[in-house]
Structure formats: C-alpha cells, structure tokens
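What follows is each chain in one-letter form.
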Amino acid sequence: MGPPEEELRARLAGVGQAHLLRFWAELEPAQRDSLGETLAQLDARELGEHCQRAMEACAREQQGRAGQGRLDGNLEPIPAERLGSVCRSDRATLERWEEEGLCQISQGKVAVLLLAGGQGTRLGVPYPKGMYDVGLPSHKTLYQIQAERIRRVERLAGERFGTQCTIPWYIMTSEFTLGPTEKFFWEHNYFNLKKSNIVMFEQRMLPAVTFDGKVILEEKGKVAMAPDGNGGLYRALVDNKILEDMDQRGIQYIHVYCVDNILVKMADPVFIGFCVSKGADCGAKVVEKAYPTEPVGVVCRVDGVCQVVEYSEITLETAQMRNPDGRLTFSSGNICNHFFTFDFLQEIAEKFEPQLKHHVAIKKVPFVDEEGNLVSGRPLPLCAPPSFFLPLYPGKPDLI
C-alpha cells in the first residue's frame, strides 16, 4: 500500500507535479496502491531536479532549432597530437599500439562494457537488440558475434604473452531487456564464455518528461517510465556496485560500446594500446565524416574542454570548414565507442554525475491527455541524462 493521498499531493505539489493525481478519484483501490507505490519510490527532491534539468535541456534544444545558442564561436578541433589514425599511421606504429593493448589484456587489466538497454523496436522486433539475427548465413545474433570476438581477443593476448587471460563483459540492460537477455545467454550456454565473467546490471528507469517539465502519465494510474539513456551508465555503475567488482578484478581500462555496432572490435588492442601509450583518461574512437551535413555528433573542444557536439548545435558554415589539406575541420564523427581508465570512470560516476547536462530525445510514448483519453503513437520530447559519453566534464580530462 502506498502513502496517504494527502502526503502524495503535498509532495507532488512541492515539485510542480500535482497533475499526476488528476485521475485519482477514478482509480480502483489496486490502481491507487500501484500509483502510490511508484510515486513513493521517486525521491521528491530528485524528481524536482530531474524535471528542472529536463526543462532546461528542452529550452536548449529549442534554442538550437531556432538557430540560437549555437556553439560555433567556442569550438576547436581536437589537437593533432591527441589524434591517432588507423588509416594514416604506419605499420610499425599500429603494431606498437596493438602490442601494448594485447599486453594489458594478457594481464587481465581490460574489460568491455556493453550498453544494451534498448529494445529492437527500430529493427522491427519486440526483443532486445542484442538478440537480433543480423541476416548472416550463419544466423548469428549480435550477442553471439560479440562474444566470439571476446574469445578471439583473449586467445590472441594469451598466445602472444603466454598467459591465461579473461576479458570481463559488463552488460548494462534496462527493466525491459534484463530478463530476456539473461534467459538468452543461459539458453546459449553464455556463448562458451564463463558465466562469472559476464556481469549484467540494470540502469535506472526515470519518469518521461515533456518540454514544459511535466511527468507523463502512460495511463490514468501509471507513470510513463523510460530507461535513463546511455548517460545513465554512471549512476548504474554506482547503484549496482559495478565499480567495486571491477576494482576487485584489477580492471584498469574499460572499452565501452553500443550493442547495435555490428563492426565493433571488442577490446580493440590497437585502440586500447593507443590510449594507454598516450596516458589518456578517456578516448573516443571516431569515424571521419563523409560530408559536412552528415547527421552525426562530432568530438571537439568547447571552451577548451572535450565534448561531443550534436550536428544541430553548429551552423552550416562551421560544418563546412576545411583544413588546408581539404579535410573537414570538424570531422571526428562520434560512434559511441569509448575508452576509460577505471580511475577516471570512478571519478565521474561518484563525483560529477549530477553535473552532467540532460539531452532531449523524441520518442513515441503512449499517454493520457488532460481529459483522460489514451493517445498512442504521437512523438513527444523526452528528456534524460546525457545520451553521449563525452558530455561537458567539470574538469579537463586528458582525452584522445
């Protein structure tokens, strides 16, 4: 049973969300209890802060669409000395980076972290993306492809340095994907990886919030909840004691990627080795933009601090800028493929997570309008913690 109605109304009114009880009188006792319990689990202070930050994020998004608040005058490309290229580096350099990466893997210092909280809705399937058959003759799923790549890198590192090594696989799921993912791995014998080296954990669910900072009702007696995006990783690492697990295993470097990247090189030794040799706190693997208006965020500096800037946040003039060699000045397309040192990831998760700015995503969310009518299939602006892994950090990390 949830808290008394009067208590709920007072708490919600204090953070501008009294509308959530608009249909209270129409609810059955069981529906009231369910709604009351949901609302009781939402800390009033955190709910208020979430809605305020969401409203600020929406305002920034609207300014960007109107051509205001563009970042052009504050942008700088990543310095050349902080960049490495598989295409433009000589063979000896690539081999040196690969050797360093395999060495770290052979010592058990590297883990991979998969972001797998999303359903396969855009792929036309009702289950987690990682379970998707991508159409190969083998009918391998994304999870199987990635598991086999982990095993291959473990063998390569072990053979090179004569060790028995493992690469722990951390998989961040959501309320929607955790159960099906656990079942899928069990049914496939964990793809011949040790179960103890596959650690699944769940990201938070947050209330869906509109442009004006109001929480959405999915039904008259049910709050619309959604996973808190890729940026929810930091909070999830703390809540689920994942950082403690990494520390106990002696993990020093983490490769983070998204589940739907079919070309991902798991714990890529060249990427890991490059980042380690440069002494980087964090790194971003990028692809060169194909053309100026390609709709992809770019990794650059904003007021001297590394960040991913969305394509909507810069003008066409800036997007078209070119270097003397003819290449785009802001060409580093973000593909959500990142390197973190354990120490840096821990610092962000434990100290700076509340300071990260929210982003806006447009999603189709079923909801009830003010008259209590169910509306489905209409796009709504939803706000969540940063969707990208290089938001504007409070400090100035050594990024490559």
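Counting restarts for each chain, with residues numbered from 1 along the sequence as it is written. At least 70 in pLDDT is required for a residue's local features to be given in this predicted model, at least 80 for side-chain atom pairs to be given and counted, and no such filter applies to totals for whole chains, interfaces and linings, which use all residues. Derived side-chain values reflect all non-hydrogen atoms in the structure, with water molecules and hydrogen atoms excluded from consideration.

## Considerations on the layout of surface pockets
Logical step 1: A volume near 1300 Å³ is recorded for the second largest pocket.
Logical step 2: In terms of lining residues, the second largest pocket is bounded by 43 residues, among which G84, S85, V86, K285 and V286 are the most central.
Logical step 3: Of all the elements in the fold, those that place two or more residues in the lining of the second largest pocket are α4 (91–106), α5 (142–161), α9 (269–277), β10 (282–288) and β13 (332–341).
Logical step 4: Strands are runs of DSSP state E lasting at least two residues, helices are runs of H or I lasting at least four, and both sets are numbered from the N terminus onward. Broken down by element, the residue count for the lining of the second largest pocket peaks at 5 residues, all from β10.
Logical step 5: A per-class count over the lining of the second largest pocket returns 25 nonpolar, 8 polar and 10 charged. Only protein atoms enter the 1 Å grid used here, on which a cavity is any set of points holding a 1.4 Å probe that cannot leave and a pocket is any open set flanked by protein within 12 Å on both sides along at least five of seven lines; residues with an atom within 4 Å of a point are listed as lining. Grid points are joined across faces, edges and corners, and a volume is the space filled by probe spheres set on the points. Any residue that is not Ala, Val, Leu, Ile, Met, Phe, Trp, Tyr, Cys, Pro, Asp, Glu, Lys or Arg is counted as polar, Gly included; the first ten are nonpolar and the last four charged.

## Let's talk about the packing of α4 against α9
Logical step 1: Running from N to C, α4 and α9 cross one another at 90°; their axes reach a closest spacing of 6 Å. As far as their axial angle goes, α9 and α4 are roughly perpendicular. Here L94, W97, E98, E100, G101, L102, Q104 and I105 of α4 come into contact with α9, specifically with P269, V270, I272, G273, F274, V276 and S277.
Logical step 2: Taken together, the residues of the contact of α4 with α9 sort by class into 9 nonpolar, 4 polar and 2 charged. Helix axes are fitted to C-alpha atoms over the stretch in contact, other axes to C-alpha atoms as well, and angles between N-to-C directions run from 0 to 180 degrees. Each angle gets one of four labels, with under 35 degrees taken as roughly parallel, over 145 as roughly antiparallel, 65 to 115 as roughly perpendicular, and the rest as oblique. Between two residues, a contact is recorded if the distance between any of their heavy atoms is within 4.5 Å.

## Focus on the pattern of salt bridges
Logical step 1: Any Lys or Arg side-chain nitrogen located within 4 Å of an Asp or Glu carboxyl oxygen qualifies as a salt bridge. Scanning all chains against the criterion turns up 15 salt bridges.
Logical step 2: In this structure, R9 engages E5 in a salt bridge whose closest nitrogen and oxygen atoms are separated by 2.8 Å. Note that R9 and E5 are positioned in helix α1 (residues 5–14) at a spacing of 4 residues, about one turn of the helix.
Logical step 3: Buried residues are those whose accessible area, probed at 1.4 Å on protein chains only, stays under 20% of the maximum for their type, while exposed residues exceed 50% and partly exposed ones sit between those limits. On the accessibility criterion, R9 (35% relative accessible area) is partly exposed.
Logical step 4: Across the pair R91 and E95 runs a salt bridge whose closest N-O atoms are separated by 3.1 Å. With R91 and E95 both in helix α4, this residue pair falls 4 residues apart, about one helical turn.
Logical step 5: Residue classification places E95 among the partly exposed residues on the basis of a relative accessible area of 41%.
Logical step 6: Several salt bridges share partner residues, and in doing so they unite R88, E288, D325 and R327 into one network.

## Some words on empty space enclosed by the protein
To find leftover empty space, one rolls a probe the size of a water molecule over the atoms.
Logical step 1: With the rule as written, the count across this model stands at 1 cavity of 30 Å³ or more.
Logical step 2: Approximately 40 Å³ is the volume attributed to the largest cavity.
Logical step 3: Lining the largest cavity we find L8, R11, L12, L39, L42, A44 and L47.
Logical step 4: At the level of elements, α1 and α3 (44–65) are the ones that each hand at least two residues to the lining of the largest cavity.
Logical step 5: Sort the elements by how many residues they give to the lining of the largest cavity and α1 lands first, with 3 residues.
Logical step 6: Looking at the lining of the largest cavity, its residues break down into 6 nonpolar, no polar and 1 charged.

## Observations regarding a negative patch on the surface
Logical step 1: Taken together, E244, D247, D343, E347 and E350 make up a surface patch of like negative charges.
Logical step 2: If you list the elements that add at least two residues to the negative patch, you get α8 (242–249) and α11 (342–352).
Logical step 3: Among the elements that take part in the negative patch, α11 stands out by supplying 3 residues, more than any other.
Logical step 4: Along the chain, the position of E350 falls in helix α11. Like-charged residues within 9 Å of one another, or nonpolar side chains (Val, Leu, Ile, Met, Phe, Trp, Tyr) within 5 Å, are grouped into patches, provided each residue has over 30% relative accessible area and no salt bridge. Only the protein chains shown count as covering a residue, and every accessible area follows the Shrake-Rupley method with a 1.4 Å probe. Under the counting rule used here, the positive set is Lys and Arg, the negative set is Asp and Glu, and His together with the chain ends is not counted. Positions of charges follow a simple convention, taking NZ of Lys, CZ of Arg, CG of Asp or CD of Glu.

## Remarks on the pairing of strand β4 (residues 198–202)
Logical step 1: The element β4 is largely enclosed, with a buried count of 4 among its 5 residues.
Logical step 2: Being paired, for any two strands, means DSSP has found at least two bridges between them. Judged from the 5 bridges that link them, strand β3 (residues 169–173) and β4 form a sheet pairing that is parallel. Its bridge partner being in β4, T173 is matched across the sheet by E202.
Logical step 3: Here a crossover is taken to be right-handed if, once the strands point away from the viewer, the path from the first strand over the helix to the second is traced clockwise. In the classification by handedness, the crossover that spans β3, the intervening helix α6 (residues 178–187) and the parallel β4 is right-handed.

## Regarding the packing of α4 against α5
The description of two helices packed together rests on the angle between their axes and the distance between the axes.
Logical step 1: Packing of α4 against α5 brings their axes to within 9 Å, and their N-to-C directions diverge by 95°. Viewed along their axes, α4 and α5 adopt a mutual orientation that is roughly perpendicular. The segment α4 lies against α5, with E98, E99, L102, C103, I105 and S106 engaging V153, L156, A157, R160 and F161.
Logical step 2: By residue class, the composition of the contact of α4 with α5 is 7 nonpolar, 1 polar and 3 charged.

## Remarks on the pairing of strand β11 (residues 298–302)
The two faces of a sheet get side chains in turn, since along a regular strand they alternate between them.
Logical step 1: Among the 5 residues in β11, 4 count as buried, and that is most of the element.
Logical step 2: The pairing of strand β1 (residues 75–76) with β11 spans 2 bridges and is classified as antiparallel. Residue pairing for β11: E76 is matched across the bridge by R301.
Logical step 3: As defined by bridge partners, β11 adjoins strand β12 (residues 305–309) across 5 bridges and the pair is classed as antiparallel. Considered in β12, the bridge of V298 is made with V309.

## Points about the environment of I348
Logical step 1: When you line up the elements, I348 lands in helix α11.
Logical step 2: Judged by relative accessible area, I348 falls into the buried class, the value being 2%.
Logical step 3: Measuring from C-alpha to C-alpha, the distance between I348 and R235 comes to 9.5 Å, with 113 residues separating the pair along the chain.

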